[in-house]
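Observations on the model geometry
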Amino acid sequence: MDNRSVTGRGEQQLGKVPAVTIGFWVVKIAATTLGETAGDAVSMSMNLGYLVGTAIFAALFLAAVVVQIRATRFNPWLYWLTIIATTTVGTTLADFADRSLGIGYAGGSSLLLLLLVASLALWHRSTGSVSIDTVNTPKVELFYWVTIMFSQTLGTALGDWTADTAGLGYSGGALLFLALLAAVVAAYYWTRLSRTALFWAAFVLTRPLGAVVGDLLDKPHSSGGLELSRYTASAVLLVFLAATLLMFPQRASAKPH
């Protein structure tokens, strides 16, 4: 038997996204926190506004997705760069919808939740699954990244809604989302709930956690934040994320099933 042909078939069965491990979630939370501080740095510290910031990050997101889809195999650095692009555009887009359009956190969160559910429904209807283990074709990848973009934007709106409108503050919001994530972990280990559903629940919840932690770092003392420089916080988070990727090597997800 030709070993090269076996290897080739094995590579074709690998996904274009990383396997879900503890390292995956550590990097995910760091990336979402970076997206919050970097998005605020461009739209607020640079005074470019939410609309211009959204346009800039949307262009970066689209470019990253095109490169990601055209890649022949999983590349952890490219994947997480694309994730960061979704978190930054999610930050500025949610802020634009909530504040500039005036629909508020509740209205923005409700609209984004509908878009997320619609994206997942269309993905499932088109391919028969929304499992990340099937993300290995351009069509599925496109569904995947659109869904991620909606989930990241929803997470930003939920984080702001919880910290501001609900009055929990940044620390209280972080504790709430940590508790919800703990509930998802418990469901994973002690129930038979769909692993795919639990993955997407955890994926969505890590975004508002990153949002409130990012706000905690860079918002003024009067608002309950630590008032760190958005540029400094973003740089530190970027270094931490890179170090984490080196410490926790990423591998491609298992073959579709």
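Residues numbered from 1 in each chain as written. Predicted model: local features only at pLDDT ≥ 70, side-chain atom pairs only at ≥ 80, totals over all residues. Heavy atoms only, no water.

A word on the overall build of the chain. For the chain, the helix and strand inventory stands at nine helices and zero strands. Overall, the chain shows an N-to-C arrangement of helices and strands of α-α-α-α-α-α-α-α-α. Here the chain has a C-alpha radius of gyration of 18 Å; the compact-globule value for 257 residues is 18 Å, and the two agree. The dimensions of the chain, computed from C-alpha atoms along their principal axes, are 70 × 35 × 35 Å. Looking at the chain residue by residue over its 257 residues, the buried ones come to 47%. Accessible surface computed for the chain: about 12,400 Å², of which carbon and sulfur atoms make up 70%. (Helix = DSSP H or I, 4+ residues; strand = E, 2+ residues; numbered from the N terminus. Rg over C-alpha atoms; globule rule 2.2 N^0.38 Å. Buried < 20%, exposed > 50% of the residue type's maximum accessible area, 1.4 Å probe, protein only. Areas by Shrake-Rupley, 256 points an atom, 1.4 Å probe, with all protein chains shown as cover.)

Side-chain pairs of opposite charge can arise where the charged atoms are in close proximity. This structure, assessed with the given rule, holds three salt bridges. Across the pair Arg 230 and Asp 218 runs a salt bridge, and its minimum N-O distance is 3.8 Å. Highlighted residues: Arg 230 in helix H9 (residues 230-247) and Asp 218 in helix H8 (residues 195-218), separated in sequence by 12 residues. Overall, the relative accessible area of 4% leaves Asp 218 in the buried class. (Salt bridge = Lys/Arg side-chain N within 4 Å of Asp/Glu carboxyl O.)

Moving on to the nonpolar core. Formed by 44 residues in total, the largest nonpolar core has its most connected members in Tyr 79, Trp 80, Ile 83, Trp 123, Tyr 144, Trp 200 and Leu 241. By residue number, the principal contributor to this core is helix H6 (residues 138-165), which donates nine residues. Apart from the residues lying within four places of it in its own chain, the contact partners of Leu 241 are Val 27, Ala 30, Ala 31, Leu 34 and Ile 84. Counting 13 residues, the second largest nonpolar core, distinct from the first, contains Tyr 170, Ala 174, Ala 187 and Leu 198. (Core = buried A, V, L, I, M, F, W, Y, C linked by side-chain atoms within 4.5 Å. Contact = heavy atoms within 4.5 Å.)

Quick look at the confidence of the model for the chain now. Chain-level statistics for the chain give a pLDDT mean of 86 and a share of 93% at 70 or above. With pLDDT under 50 throughout, residues 1-12 is counted as low confidence; its partners more than four residues away or in other chains account for three contacts. (pLDDT = per-residue confidence, 0-100.)

Now for the environment of Val 52. Inspection of the secondary structure assignment puts Val 52 in helix H3 (residues 49-70). C-alpha of Val 52 to C-alpha of Val 42: the two residues are 10 residues apart in sequence and 8.9 Å apart in space.

With that out of the way, let us pick up the packing of helix H2 (residues 22-45) against H8. Packed helix pairs are specified by the crossing angle of their axes together with the interaxial distance, meaning the distance between the axes. Running from N to C, H2 and H8 cross one another at 45°; their axes reach a closest spacing of 8 Å. On the basis of the axis angle, H2 is oblique to H8. Of the two elements, H2 crosses H8, and the hand of that crossing is right-handed. (Axes fitted to C-alpha atoms, helices over the stretch in contact; angles between N-to-C directions. Parallel < 35°, antiparallel > 145°, perpendicular 65-115°, else oblique. Left-handed = near helix turned anticlockwise from the far one by under 90°.)

Closest axis-to-axis distance for the helix H5 (residues 104-127)/H6 pair is 9 Å, and the angle between their directions is 160°. It follows that H5 is roughly antiparallel to H6 by the angle criterion. The handedness of the crossing between H5 and H6 is left-handed. Across the contact of H5 with H6, the residue classes tally to 18 nonpolar, nine polar and three charged. (Nonpolar A, V, L, I, M, F, W, Y, C, P; charged D, E, K, R; others polar.)

Below, the discussion takes up the environment of Leu 62. Relative to the helices and strands, Leu 62 is located in helix H3. Along the chain, Leu 62 and Leu 78 lie 16 residues apart, while their C-alpha atoms are 13 Å from each other.

Turning our eyes to something else, we now look at H6. The end-to-end C-alpha separation of H6 is 40 Å, in line with the 40 Å expected for 28 residues at 1.5 Å each. Extensive coverage of H6 is indicated by the burial of 20 of its 28 residues. Note on H6: the residue one or two positions beyond its end, Gly 167, has a positive phi of about 75°. (Expected span 1.5 Å × (residues − 1).)

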